[in-house]
Each structure stands twice: as C-alpha cells, then as structure tokens.
Amino acid sequence: MSDLRRARDETGAVIAVEELGGGLVELIAHLPHLAATARAGEFAQLRCGPGPVPLLRRPFSVAWIDGEHCSFVFERVGVGTRLLAAMRPGDLLTSLGPLGTGFTLSPSLRRVVCVAGGLGCAPFPLLAAQAVALGIPDVVVLHGAATAARLYPRERFTRGLTGVQVVEATDDGTRGHHGLVVELIGAALGGGLDAVYACGPNPMLAATARVLHGGAAVPDIREVSLEAPMGCGFGTCLGCALPVHRDGGTAWALCCREGPVMHMDAVDWDALRALPPAHVA
Amino acid sequence: MSDGALDLRVDLGRGCVLPNPVGVASGTFGYGFEFEQLVDIQRLGAIYTKGTTPLPREGNPPPRVAETAGGMLNSIGLQNPGVEHVAREYSRSFATWRVPVIVNVAAADVDEYVHCIRVLDGAPGIAGYELNISCPNIAHGLDFGLDPLAAGRLVTAVRAATERCLVVKLSPNVTDVAAVARAVEDAGADAVSAVNTFVGMKVHLGIRRPVLPNRGTGGLSGPAIKPLALAAVARVRAAVRIPVVGVGGIGDAADVLEFFVAGADAVQIGTANFADPSVALRVLDEVAATGERMGLRRLTELRWQPAPTPA
C-alpha cells in the first residue's frame, strides 16, 4: 500500500504546454516536491481549473522530471484535460503527490521492457531515466499507437540517455511494425528479460498479460499500470475499485493505493474486460 | 475564553461537545487514517466516519464515481470493514485522538442497528453515533429514512441501547424531511444531520446507458446540491429544537456561514475533501476569523428568523 506521508500539496508555475502532434500534449510545471520524490509509475492529482467544473482533481502519471520540473502527458478527452491544455506559462498548477504504487525497479535488473500503448507512454520516460540511473544497462520501450502522428516522440523516451532503445508499432503501418505493440513482445522475450512493465488500454494490457502468462523466458516482474475513475486519489472515497484475484475469488482493490501499478497476475482480466472504460465516467 | 470572544464549541448533547463546528462528512474521510497522513486532523470539529455495517462489505462494482456539473455521483455501496473491526481495531486509535469521532452506522433492520451500537458502545474513543438512514446505494438503505414512523421506531430502539450522543442523518429523497426530523427528535435523537446525497443519474450517450451500474443511480454531492441542502436545513430547523448539522456542497467559509444563517448548529464538509485534503482546516480557520471580524460570540447569532407563514 502506498505511503501517503510522501505526498504533498504544492502549487507551482506552468513552464510550458507543448503540442506533440496527434493530439498529445505535454505540460511542464515547477513542482519541486513532486520532482524530488516521484518514482516511475506514481501519479499526481492535478487541479485542472479554479472553478467548480471540474470539481475533482485528475490523476496523471509523472512522465518526466528535470530538476524541479515535472511533466505530464495527456490528450484532450474531457473538461479537465482541455483546461490543462489551455494553460499558459506562468499559470499556477496545484498538485498533490506523489501518490499510488509505482513500478518495481532495482539495480539487480539487467534488461527491462516497457510496453506502451497510446497514452500509456506516460510513465515510461521517467521509468527509463530512473532505470538508467540505477545502472540497469538495457531498457527497451515498445511503443504502439493507431498511427505515426499519435506516437509519443521517441527522443522523449530516450532524452539523450544511452541504453534506452525504442521500437515502434502502428495499427496502420505508418511507422515501425505494422500491427499491435503486443506483437513485439515475443522478440523482446527472446533476448532474456528481467522485467516487463506495461501501460495502455485495458485490452492491450490483457493481451500483454496473456502473452506473458507462463513460459520459461517470462520474468517474475510483470507489472501493469491501470486506470479507474478516481474521486480523491488517496484511498478515501473508495471510488476507483478494480477487480483483482484474492483468496481464490475476485475482490476490489483501489487503483489509487494498491495501484495504479499491479502485478499482471493479480488482475482479474475477465472481470476488468466486463467494465466500461475508465474515461466513460 | 475572554468575554466577547467567539465561542466555536458546539454541544450536540449527551456530553458530545465539539471543539468547533467544522466536521467532515461520512463517506468522504474514511475513518481518518488516510487524511491523518496528509493533514492535521486533530483540529477538526468532528470526524463522521464511513458508514459502518454489521458485517464487512466489499462495496459495489465499478464504476463507483462519476463527475457531473459542480457535483459528483457515487455508488460505493458502503464498502467498510464491519463494526467488529471498527470497535476492536480502529477505536484504539480514536481513543488517542483529540478530534471527536462520531461513527456512522448503517444497517438493514432495527436489530442490526442495535447490534452495531452495542458492539461500538463497548469501544473507547467514540463520541457518538450518526445513524445512516439515508444511503441511496444499497438495498434497504433508505427504508428508515423515508418513513417518519419507521425512523421513529428505529431511533427509539437505538436510544434504549446507548447513552452516547445520537445524530440521525436525514435523507433529502423524501416529500417532507421535516416530518422525519420531528419523528427522530420525538424518539430521542440528540441531533440531526441534513442532508445525505440526492439520488441522481449520469447518462453516457455513447453507450446509451447510465454511467453507474445496477439501477444506474448514485448519490449526488458537491456544490450542485448546496441550495437544496440549505433549503432542507431551514425546513428541519423550523421543525425541531435539537441541533442541526448542515451538510451539502460546502467548500468555503462563506458556505459554512450560510448554513448557520439557514439554521445549522454545526456543519460537515464532504466532497470538497476529495478535491483538497486540507480544505476543512482552511475553512475552519476562515470561519473563525470571519466570525471574529463580524463580532459574533456564537455563530448561531447569524441564524435567520423567518417571518411567520401567512395563513
């Protein structure tokens, strides 16, 4: 369970709001506490505007940290993200974080793979950097999107670091592998892996879990970052329940505390598939 | 306290004296343990806990929350660890806290309510109980809240089981909230809280169905319901003599003072806690400062005295 004592409410200036093409936006803000403490896969609850709409904050993975600056990657899907995208340098952004359980990283790992579907790219620039900082020599990012314009720019995964390799896939074949990102996992497994981390739409995550279920080459660390409609982000509203396997049955786990990152085998994928996607709420 | 200074204390009855009127609403603060890690909860007027049931409950399937214009729908389904766990484990922490803890209790019938109260009565650190007779999200959750006779019978039975302060949380989903308030006052309630969430629905056109599962409805809270809650508080205030705890859409100090004008003796901050974990403490400080500035000795001096209704 995540440690809420690490979280702090802070307000800092927006530094830049960058259009990445294909509707992706990266917002950079001066948030020193979050920058000093966030680990890959953890998130912040961002206040998107000053008024009562939207009433609640929105959860965003910390995508990148540079000094005292943090960045978040999103697209305009609702009132909150539209307000964030409309922010200008100098506007104030309020953040509560870091929150949630992030990815498992350790210096003993030698080769790790990130599977990023669409906006599921968000936690992986930071993961790659923190992996490199831990001395993990080989970080592979498999990144898929519907079309080339919607791929997160590869140089933002690598950020000039050596040891980070990006392999791309597009549904329409406009760049990289013509097909699904999940189809790239087999080749990556062949090289021997210590960990797989995945983030993206639920069907992509379920497919990733299926590919990695059993088999000699499959690493113990197999983690997914999930999402759910959230009220508070710190375990009080009990709104962000996700189906997990527990004591031989299905139980609810809170995405905001037990997640958003969980072991693939802990998730009840059949029950999750039956739920409407998180953005519906 | 020096003469002429603002006295924020609120006496809910049976020795339950809140240090100040700004409490936090059931279902928005858990049992205080998460917020304890984020803010100084000990300064609050009271913590009204998550609805606690005879047995542990897993809660409803997701999605459980949906945002609306200025509000939020929830259908959590009273996920909680059960009354035994609260009495045995959580109360030990409550007993070390300065903030009064009022345990919200929800059950399906009179015997279950009485059972919960008896279990909790043996535990330390509990300042009182808030009877949840108004949960819109579970079967039978509203049974007692809709019928003054049933509500009165329930309160009579619970009253006989405890000497601790008994607050009854009223449902707004009734024709006449004042009738239920009078019934629970007559049956021995020490105070009422007004109001619980309003039954609401959010529809997703793309999937051509409600966003929330099951019946598609949930409880609406947040700024959207503040005018409705103020009206309910005024109606209840006119109907009873016991303290009224106002709740519904409070987000700042002005909201709190408006509830005092409408007839509240104390308030609960609810959904705003989700958007800002320190909101209740900030509101408390602002209420105190504003009350001093207004030269009040008690916030209830703000109370509106409605003219008699013309015949």
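What you are looking at is a predicted structure, and each value in this text was computed from that prediction instead of being measured.

*Asks:* Just to check I follow, could you spell out the overall build of chain B for this structure?
*Replies:* Assigned secondary structure in chain B consists of nine helices and 16 strands. Taken over the C-alpha trace, chain B has a radius of gyration of 18 Å; the compact-globule value for 311 residues is 19 Å, and the two agree within 12%. Over its C-alpha atoms, taken along the principal directions, chain B stretches across nearly 60 × 50 × 45 Å. Burial statistics for chain B: of 311 residues in total, 55% are counted as buried. Long-range pairs, those at least 24 residues apart, make up 71% of the contacts in chain B with a sequence separation of at least 6.

*Asks:* It is not clear to me how the interface of chain A and chain B should be interpreted in this structure. Could you clarify?
*Replies:* Quoted interface sizes are often the accessible area lost when the parts come together. On the chain B side, the residues contacting the 28 residues of chain A number 31 residues. Classifying every residue of the side of chain A that touches chain B gives 21 nonpolar, four polar and three charged.

*Asks:* It is not clear to me how helix α3 (residues 110-121) of chain B should be interpreted in this structure. Could you clarify?
*Replies:* Helical geometry note: an α-helix holds 3.6 residues per turn, so side chains three or four residues apart project in the same direction. Residues and elements named next belong to chain B. When the terminal C-alpha atoms of α3 are compared, their 16 Å separation across twelve residues agrees well with the 16 Å that a helix rising 1.5 Å per residue should span. When α3 is considered as a whole, its buried residues turn out to be Tyr113, Cys116, Ile117 and Leu120. All buried residues of α3 fall inside an arc of 95 degrees around its axis, so they share one side. On its buried face, α3 sits against α2 (83-94), β7 (101-105), β8 (128-132) and α4 (148-159).

*Asks:* Mind showing me how you'd approach the sheet that holds strand β6 (residues 71-74) of chain B here?
*Replies:* Within a sheet, adjacent strands bond to each other through the backbone by hydrogen bonds, running parallel or antiparallel. Residue and element names in this part refer to chain B. Spatially, β5-β6-β14-β11 is the arrangement adopted by the four strands of the open sheet, whose pairing is antiparallel. The open sheet has two edge strands, β5 (65-68) and β11 (198-201), and neither has a second partner. In this sheet, adjacent strand axes meet at a mean angle of 40 degrees when their direction is disregarded. Where β6 lies against strand β14 (residues 217-221), three bridges are found, and the strand directions are antiparallel. Its bridge partner lying in β14, methionine 72 is registered against serine 221.

*Asks:* Please clarify how unusual backbone geometry should be interpreted in this entry.
*Replies:* The phi angle of most residues is negative, glycine excepted, and most peptide bonds adopt the trans form. Note the cis peptide between glycine 97 of chain A and proline 98 of chain A, where omega equals 0 degrees. When you line up the elements, proline 98 of chain A lands in strand β7 (residues 92-99). At the junction of proline 62 of chain B and proline 63 of chain B, the peptide bond is cis and its omega measures out at -5 degrees in the coordinates. By secondary structure assignment, the location of proline 63 of chain B is in the loop between β4 (46-48) and β5. Located in the positive-phi region is arginine 159 of chain A, a residue other than glycine, with phi close to 50 degrees. Here arginine 159 of chain A is to be found in the loop between α4 (154-158) and β10 (164-170).

*Asks:* Explain the domain arrangement of chain A to me, please; I cannot follow it from the model alone.
*Replies:* Residues and elements named next belong to chain A. The domains assigned to chain A are domain 1 (4-99), domain 2 (103-225) and domain 3 (226-281). Relative placement of domain 2 and domain 3: their C-alpha centres are 22 Å apart. In this assembly, nine residues from domain 2 lie in contact with eleven residues from domain 3. Contributing elements (two or more residues each) for the side of domain 2 that touches domain 3: α6 (202-211) and β13 (221-225). Per element, the largest residue contribution to the side of domain 2 that touches domain 3 is four residues, and it comes from β13. Here the residues of the side of domain 2 that touches domain 3 sort into five nonpolar, two polar and two charged.

*Asks:* Just checking my understanding: could you explain the pairing of strand β6 (residues 69-75) of chain A for this structure?
*Replies:* Successive side chains on a regular strand alternate, one facing one side of the sheet and the next facing the other. Residue and element names in this part refer to chain A. For β6, the buried fraction is high: five of the seven residues fall into the buried class. One ladder, built from seven bridges, connects strand β2 (residues 24-30) with β6; its direction is antiparallel. Directly across from leucine 27, in β6, lies its bridge partner phenylalanine 72. For strand β5 (residues 64-66) and β6, the ladder comprises three bridges, and the chain directions are antiparallel. Looking at β6, one finds that isoleucine 65 is bridged to cysteine 70. In textbook terms, the turn of a hairpin is the stretch between consecutive antiparallel strands, and for β5 and β6 this stretch comprises two residues, one of which, glycine 67, has a positive phi near 65 degrees.

*Asks:* Help me out: how do you make sense of the sheet that holds β13 of chain A in this one?
*Replies:* All names here are of chain A. Taken together, the seven strands give an open sheet; going across it, the order is β11-β10-β9-β8-β12-β13-β16, and neighbouring strands pair in mixed fashion. Every interior strand has two partners, whereas the edge strands, β11 (177-178) and β16 (261-263), have only one. With five bridges connecting them, strand β12 (residues 195-199) and β13 associate as parallel partners. Bridge assignment links valine 196 to a residue of β13, and that residue is arginine 222. Each of β8 (111-117), β9 (138-145), β10 and β12 is contacted by helix α3 (residues 124-133), which is oriented at about 170 degrees to β9, the strand it contacts most.

*Asks:* Would you take a moment to explain the packing of helix α6 (residues 226-239) of chain B against helix α7 (residues 253-262) of chain B for this structure?
*Replies:* Any two packed helices are characterised by how steeply their axes cross, that is the angle between the axes, and by the distance between the axes. All names here are of chain B. For the pair α6 and α7, interaxial distance at closest approach is 8 Å and the crossing angle is 30 degrees. As far as their axial angle goes, α7 and α6 are roughly parallel. Touching Lys226, Leu230, Val233, Ala234 and Arg237 of α6 are Asp255, Glu258, Phe259 and Ala262, all from α7. For the contact of α6 with α7, a count of residues per class yields five nonpolar, no polar and four charged.

*Asks:* Looking at this structure, I do not really get the pairing of strand β4 (residues 58-61) of chain A. What am I missing?
*Replies:* Residue and element names in this part refer to chain A. Here β4 shows no split at all, with Arg58 and Phe60 on one side and Pro59 and Ser61 on the other all buried. When strand β3 (residues 43-47) meets β4, the two strands line up antiparallel, connected through four bridges. Opposite alanine 44, over in β4, you have phenylalanine 60 as the bridge partner.

*Asks:* Looking at this model, I keep getting lost on the packing of α4 of chain B against helix α5 (residues 177-186) of chain B. Mind explaining?
*Replies:* Residue and element names in this part refer to chain B. For the pair α4 and α5, interaxial distance at closest approach is 8 Å and the crossing angle is 25 degrees. Compared by their axis directions, α4 and α5 come out roughly parallel. Of the two possible hands of crossing, α4 and α5 adopt the one that is right-handed. Across from Pro148, Leu149, Ala151, Gly152 and Val155 in α4, the residues of α5 making contact are Ala179, Val180, Ala183, Val184 and Asp186. Considered class by class, the residues forming the contact of α4 with α5 number eight nonpolar, one polar and one charged.

About the criteria used
- Residues numbered from 1 in each chain as written.
- Chains lettered and ligands numbered in written order.
- Predicted model: local features only at pLDDT ≥ 70, side-chain atom pairs only at ≥ 80, totals over all residues.
- Helix = DSSP H or I, 4+ residues; strand = E, 2+ residues; numbered from the N terminus.
- Rg over C-alpha atoms; globule rule 2.2 N^0.38 Å.
- Buried ≥ 20, exposed ≤ 12 C-beta atoms within 10 Å, placed from the backbone.
- Contact = placed C-beta atoms within 7 Å.
- Nonpolar A, V, L, I, M, F, W, Y, C, P; charged D, E, K, R; others polar.
- Expected span 1.5 Å × (residues − 1).
- Arc of directions from axis to C-beta.
- Pairing = 2+ DSSP bridges.
- Axes fitted to C-alpha atoms, helices over the stretch in contact; angles between N-to-C directions.
- Domains from an automatic or database assignment.
- Parallel < 35°, antiparallel > 145°, perpendicular 65-115°, else oblique.
- Left-handed = near helix turned anticlockwise from the far one by under 90°.

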